[in-house]
Amino acid sequence: MEKNNSFLLRVKDLSISYGNIIAIREINLKVEKGEIVTLIGANGAGKSTLVKGILGIQRPSRGSISFLGQDITWTTVDRIVASGIVLVPEGRGIVMEMTVMENLELGAYHRREGVLVSMEQVFEQFPILRERKHQKAGLLSGGQQQILAIGRALMADPVLIMMDEPSLGLAPILVHQVFEIIAGLKKSGHTILLAEQNARKATQIADRGYVFEKGRIILEGPSQDLIHNEMVSKAYLGG
Amino acid sequence: MEALIAYLEAGLVSGSIYSLIAIGMNLLLVVSDVILFAYGEIVVISMYLCWLILKLSGNYLLAFFGALGSSVILTLLVEPLLRGLREKRLVVETLVMTIAVGMILTEIMAHFLNAGLPIAFPPSVVGGGGEASFGLIKIAAADVYVILATLALLVSLYYFLFKTKQGKALRAISYNIQVARLLGIPLQKATSISFIIAGLMSGVTAALFIVTIGVASPELGAHVTFKGMAVMLLGGMGSLKGGVVGGYILGIIECLVRGYFIGDWADAIAMGCIMIIIILRPGGIIGGAR
């Protein structure tokens, strides 16, 4: 009998469909505490669907998801976030009409205490947010909004941080900055599940990875193995 | 000149009430995606309830709380009715359902309450129990109650929406419901809260109608809903600020027309003004040119 409690997150034989179209099938995946696990693959390969499925936005048609030993396959989004899984969404998911500070506060919705301490920590780590804390978030640049989205995720004091395409739409220098931040999060003890099209950068900072193609996982392993895999190298890492 | 001030004062009073109605309806729209066509009917049936309790018990406090019972009616009756349709994003069907609820409430008033006759509140209640005169300008105690109550509600609502966690969550939902969902904000809870707030506001509105107009009839319900919709359009659908601005504009226009024109032109001219403004600024006064 497998021990589920050694993994933070365990996905077993998961399938998710949109109506009649099967988006992802037979997904088996695990995330251990303190790791960065990356999902790489082309646009539409299913990475985003899996992330949304874990968060509870998409209902699975088959399989199971367990978090900290508890089955969360049918748990509602609000309970899943309350239990410690947060998402930095594709496109940042910032509320434009609210201020930087209000956006951060939303991240702490499920917390009862320690909110001010967390906000201070986020401001320490990302001084640009402190500078603009009373500005409407819509006035921030793309890179700053990405930082705000990450800061907001940290406000939840999360157990597992999921990120969906954090580098999308950012200039190369900002992409570098974002990945540095993600690597830094691991150093401070966070666990990260990262869905990324930028396979090169993602495999550089990740411990392990899963390669998605047409809704299935076709390869998995330590990122070093993926980097040196010929097929992956040609298809996703620019040869 | 004195007459003008008198009309403006009356306009402020009815404008306050219109604002409260529009805000209640707008809140339901932006948080729960519902245009509640039964809102006015719920205000009026609360007036009927209040009248009934006063008649049966003579207890003013009890009757007042009876009026506030609107929030109970709204949340327990209407919200679950609409839930299924809302979840499936059936906008037109939701609208029709709220119209149906309004009609049912009107029919209940027309057949089962006071045999469909208009109700009138005792003079001890209407007018608020006193008035002051400054020449042509008469200010009833009730007028002061209306202004104070409206101010108190607006300030409380502002505090709730901008200074509390739950209020900020409601605002987040009004701006971007998808993001709010991803953040794990419980949407059903927010909907329930918006219905409760709308209910409380409709209850206070009923009480304010009682002390100012003092009478009600089954037809009044639909009329109030209609005015509420007009203010929503005028100020901008879903805009709370617009509800306040639009409410006062409508109130003042109506009173000015009633004062200076002979005949029952108030409604027609007020609606005409609203039509013109919407043609020029389809998004409403606050909403803008869209």
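Each remark here, short or long, concerns the structure printed above.
Residues numbered from 1 in each chain as written. Chains lettered and ligands numbered in written order. Predicted model: local features only at pLDDT ≥ 70, side-chain atom pairs only at ≥ 80, totals over all residues.

1. Observations regarding the overall build of chain A
Alright, step 1. Of regular secondary structure, chain A possesses 10 helices and 10 strands.
Alright, step 2. Whereas a compact globule of 239 residues would reach a radius of gyration of roughly 18 Å, chain A reaches 17 Å, a difference of no more than 12%.
Alright, step 3. Its C-alpha atoms give chain A principal-axis dimensions of about 45 × 40 × 35 Å.
Alright, step 4. Taking the intrachain contacts of chain A between residues at least 6 apart in sequence as the baseline, contacts between residues at least 24 apart amount to 67%. (Helix = DSSP H or I, 4+ residues; strand = E, 2+ residues; numbered from the N terminus. Rg over C-alpha atoms; globule rule 2.2 N^0.38 Å. Contact = placed C-beta atoms within 7 Å.)

2. Notes on the overall build of chain B
Alright, step 1. Check the secondary structure of chain B and you find 13 helices and four strands.
Alright, step 2. Based on the C-alpha atoms only, the size of chain B along its principal axes is roughly 60 × 50 × 35 Å.
Alright, step 3. The buried share among the 290 residues of chain B stands at 49%.
Alright, step 4. For chain B, restricting intrachain contacts to residue pairs at least 6 apart in sequence, the fraction spanning at least 24 positions comes to 74%. (Buried ≥ 20, exposed ≤ 12 C-beta atoms within 10 Å, placed from the backbone.)

3. Considering the interface of chain A and chain B
Alright, step 1. With 19 residues of chain A at the contact, the number on the chain B side is 14 residues.
Alright, step 2. Looking at the side of chain A that touches chain B element by element, the count peaks at five residues for helix α2 (residues 77-82) of chain A.

4. A few points about the sheet that holds strand β10 (residues 216-222) of chain A
Hydrogen bonds along the backbone pair up the strands of a sheet, which may run parallel or antiparallel.
All names here are of chain A.
Alright, step 1. Reading across the sheet, the six strands line up as β6-β7-β8-β3-β9-β10 and stay open at both edges, with mixed pairing between neighbours. Both outer strands of the open sheet, β6 (85-88) and β10, are each paired with one neighbouring strand and no more. Ignoring which end each strand starts from, the neighbouring axes of this sheet average 15° apart.
Alright, step 2. The pairing of strand β3 (residues 36-41) with strand β8 (residues 192-196) spans five bridges and is classified as parallel. (Pairing = 2+ DSSP bridges. Axes fitted to C-alpha atoms, helices over the stretch in contact; angles between N-to-C directions.)

5. A word on the packing of helix α2 (residues 39-57) of chain B against helix α3 (residues 60-68) of chain B
All names here are of chain B.
Alright, step 1. Packing of α2 against α3 leaves a shortest axis separation of 8 Å and a crossing angle of 160°. Relative to α3, the element α2 lies roughly antiparallel. The two elements α2 and α3 cross, and the hand of that crossing is right-handed. Two secondary-structure elements touch here, α2 through Ser-46, Met-47, Leu-49, Cys-50, Ile-53, Leu-54 and Ser-57 and α3 through Tyr-60, Leu-62, Ala-63, Phe-64, Gly-66 and Ala-67. (Parallel < 35°, antiparallel > 145°, perpendicular 65-115°, else oblique. Left-handed = near helix turned anticlockwise from the far one by under 90°.)

6. Describing the nonpolar core
Alright, step 1. Ranked by size, the top nonpolar core spans 160 residues in total, and within it A:Met162, A:Leu194, B:Met47 and B:Cys50 carry the most contacts.
Alright, step 2. Ranked by residue count, the leading element in this core is helix α1 (residues 2-32) of chain B, at 14 residues.
Alright, step 3. Look past the residues within four positions of B:Met47 in its chain and what remains in contact with it is B:Ala67, B:Ala206, B:Phe209, B:Ile210 and B:Ala216. (Core = buried A, V, L, I, M, F, W, Y, C linked by C-beta atoms within 7 Å.)

7. Digging into α3(B)
Residues and elements named next belong to chain B.
Alright, step 1. The complete set of buried residues in α3 reads Ala-63, Gly-66 and Ala-67. Projected down its long axis, α3 carries its buried residues within an arc of 100°, all on one side.
Alright, step 2. Looking at the buried residues of α3, the elements they touch are α2 and α9 (187-212). (Arc of directions from axis to C-beta.)

8. Considering the sheet that holds strand β5 (residues 70-71) of chain A
Residue and element names in this part refer to chain A.
Alright, step 1. Spatial ordering of the open sheet is given by β2-β1-β4-β5, a layout of four strands whose pairing is antiparallel. Both edges of this open sheet fall to β2 (21-31) and β5, since each of them pairs with a single strand only.
Alright, step 2. In the packing of helix α1 (residues 47-55) onto the sheet, contacts are made with β1 (9-18), β2 and β4 (62-67), and the angle to β2 comes to roughly 70°.

9. Observations concerning the pairing of β2(A)
Residues and elements named next belong to chain A.
Alright, step 1. Across seven bridges, β1 lies against β2 in antiparallel orientation. Note that in β2 the partner of Val-11 across the bridge is Leu-29.
Alright, step 2. Linkage of β1 to β2, two consecutive antiparallel strands, is achieved through a turn of two residues, within which Gly-19 is found at a positive phi near 65°.

10. What about α1(A)?
Alright, step 1. Extensive coverage of α1(A) is indicated by the burial of nine of its nine residues.
Alright, step 2. Positive phi shows up at A:Gly56, right after α1(A), with a value of about 100°.

11. Quick notes on the packing of α2(B) against helix α10 (residues 220-235) of chain B
All names here are of chain B.
Alright, step 1. Running from amino to carboxyl end, α2 crosses α10 at an angle of 135°, the nearest separation of the two axes being 6 Å. In terms of axis orientation, α2 runs oblique to α10. By crossing handedness, the relation of α2 to α10 is classed as right-handed. Between α2 and α10, the residues in contact are Tyr-39, Gly-40, Glu-41, Val-43, Val-44 and Ile-45 and Leu-220, Gly-221, Ala-222, His-223, Val-224, Thr-225 and Gly-228, respectively.
Alright, step 2. Looking at the contact of α2 with α10, its residues break down into seven nonpolar, five polar and one charged. (Nonpolar A, V, L, I, M, F, W, Y, C, P; charged D, E, K, R; others polar.)

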